[in-house]
Amino acid sequence: MPHNPASSMIAIDSHAHVFSQGLTLARERRYAPAYDASLADYLSQLQAHGFSHGVLVQPSFLGTDNGYLLGALQAAQGRLRGVVMLEPDVARQTLIQMDQLGVRGVRLNLMGQPLPDLAAPQWRHRFACMAELGWHVELHRQLADIPTLVRALQLYGLDIVIDHLGRPDARSGLGQGGFADLLTLGGQGNVWVKVSGIYRLEGSPEQNELFARQALGALEAHYGAERLMWGSDWPHTQHERTMSYGQALEQLQALGCSSELRKALLLETAKDLYRFN
């Protein structure tokens, strides 16, 4: 993988998706796109908005067929890192090959799914291989279930990344079930939070912005800026008609971050976690 000098690393988008309409879709899915979100389109978005690097996350509607994502990592020649979805019994050699292409984690997208038994033997095999490679688990689930899932994963010694602020409901405020527990997890050292998908927080745009501003302040106090990172969530699946990359950046700008926090969100945290060099 080509070396990227630090001087060329301006900003990192920690959460985006690429796909094509012609790909085989997962049998169980909540959504299917009617458009392409190509690597070329994504790289154009990065360039247009002042980003040099990004992280591609496997979309749920493609299931565990990561071929398109892996091809994008290879074509991007070191500018991107990846988070894949895998079958529990995946071979160790497969993970090693993915690691060489720039994969750094595995997503557990549990939205609309029954909670898995993460102590089952097939999970132990996968997590042991991930720990060996220094990969993390990325959790996508409603806030109320996040603390239980994190505690189950911590038994394996894995780093854990929580998607989209933990998918809270902005209408319920900071007192909603699970948020206090989410803050407590910040003191345990191996949990990160993606400040992304603000438009997915169930409230009006004003409610979402207010909640995100309050939540970010609380998260910074409990996690530190070095455990928080921003992602565009491009191409904003299921919200394509109302969101754009620029609007996602505007939502971040509206949070009123300090220069220190902004640098962590847009560069330093993802640079370390995804091992850009």
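Here goes a summary of the coordinates provided. (Residues numbered from 1 in each chain as written. Predicted model: local features only at pLDDT ≥ 70, side-chain atom pairs only at ≥ 80, totals over all residues. Heavy atoms only, no water.)

Regarding the overall build of the chain
Move 1: Per the secondary structure count, the chain includes 9 helices and 8 strands.
Move 2: Taking 19 Å as the expected radius of gyration for a compact globule of 277 residues, we find that the chain reaches 17 Å, a close match to that expectation.
Move 3: On the principal axes, the C-alpha backbone points of the chain span a range of 45 × 45 × 35 Å.
Move 4: Per-residue burial over the chain gives 54% buried out of 277 residues.
Move 5: Pairs at least 24 residues apart make up 77% of the contacts formed inside the chain by residues separated by at least 6 positions.
Move 6: By element, 48% of the accessible surface of the chain is carried by carbon and sulfur atoms, the whole surface being about 11,700 Å². (Helix = DSSP H or I, 4+ residues; strand = E, 2+ residues; numbered from the N terminus. Rg over C-alpha atoms; globule rule 2.2 N^0.38 Å. Buried < 20%, exposed > 50% of the residue type's maximum accessible area, 1.4 Å probe, protein only. Contact = heavy atoms within 4.5 Å. Areas by Shrake-Rupley, 256 points an atom, 1.4 Å probe, with all protein chains shown as cover.)

Overview of the environment of alanine 254
Move 1: Along the polypeptide, alanine 254 turns up in the loop between α8 (245-253) and α9 (259-273).
Move 2: Among the residues examined, alanine 254 registers a relative accessible area of 29% and is labelled partly exposed.
Move 3: The spacing of alanine 254 and leucine 265 is 11 residues in sequence and 14 Å in space, taken between C-alpha atoms.
Move 4: Setting aside chain neighbours within four positions, we find alanine 254 in contact with Glu209 and Arg213.

Looking at the pairing of strand β7 (residues 191-195)
Move 1: Within β7, 5 of the 5 residues are buried, which leaves it mostly tucked inside the rest of the structure.
Move 2: Burial along β7 is two-sided: the face carrying Val191, Val193 and Val195 and the face carrying Trp192 and Lys194 are both buried.
Move 3: Note: strand β6 (residues 159-162) against β7, 3 bridges, orientation parallel. Its bridge partner lying in β7, isoleucine 162 is registered against valine 193.
Move 4: What joins β6 to β7 is helix α6 (residues 179-185), and the crossover it makes is right-handed.
Move 5: Both β7 and strand β8 (residues 228-230) contribute to a ladder of 3 bridges, which runs parallel. (Pairing = 2+ DSSP bridges. Right-handed = clockwise from strand over helix to strand, strands pointing away.)

A short note on the side chain of serine 196
Move 1: For serine 196, the position within the fold is in the loop between β7 and α7 (205-223).
Move 2: Overall, serine 196 belongs to the buried group, its relative accessible area being 1%.
Move 3: For serine 196, the side chain forms a polar contact with the side chain of histidine 164, separated by 2.7 Å.
Move 4: Sequence-distant contacts of serine 196, defined by excluding residues within four places in its chain, comprise His164, Leu165 and Gly231. (Polar contact = N/O pair within 3.5 Å; in protein donor to acceptor, adjacent residues only side chain to side chain.)

Here we look at the sheet that holds strand β2 (residues 53-57)
Move 1: Judged by pairing direction, the sheet is parallel, and its 8 strands sit side by side in the order β1-β2-β3-β4-β5-β6-β7-β8 without closing on themselves. Of all strands in the sheet, those with a lone pairing partner are β1 (12-16) and β8, marking the two edges. Averaged over all pairs of adjacent strands, the angle between strand axes in this sheet comes to 25°, irrespective of strand direction.
Move 2: Alignment of strand β3 (residues 80-84) against strand β4 (residues 103-109), held across 3 bridges, turns out to be parallel. Along β4, the bridge assignment pairs glycine 82 with valine 103. (Axes fitted to C-alpha atoms, helices over the stretch in contact; angles between N-to-C directions.)

Thoughts on the side chain of asparagine 190
Move 1: Within the secondary structure, asparagine 190 sits in the loop between α6 and β7.
Move 2: Aside from chain neighbours lying at most four places away, what touches asparagine 190 is Gln154, Leu158, Asp159, Ile160 and Arg227.

What to know about α7
Three- or four-residue spacings in an α-helix give side chains the same orientation, since the helix completes a turn every 3.6 residues.
Move 1: Taking 1.5 Å of rise per residue, 19 residues should cover 27 Å, and α7 covers 26 Å from first to last C-alpha, within 8% of that figure.
Move 2: Immediately beyond the C-terminal end of α7, within one or two residues, lies glycine 224, with a positive phi of roughly 85°. (Expected span 1.5 Å × (residues − 1).)

Remember, this is a structural readout, not a statement about activity or role.
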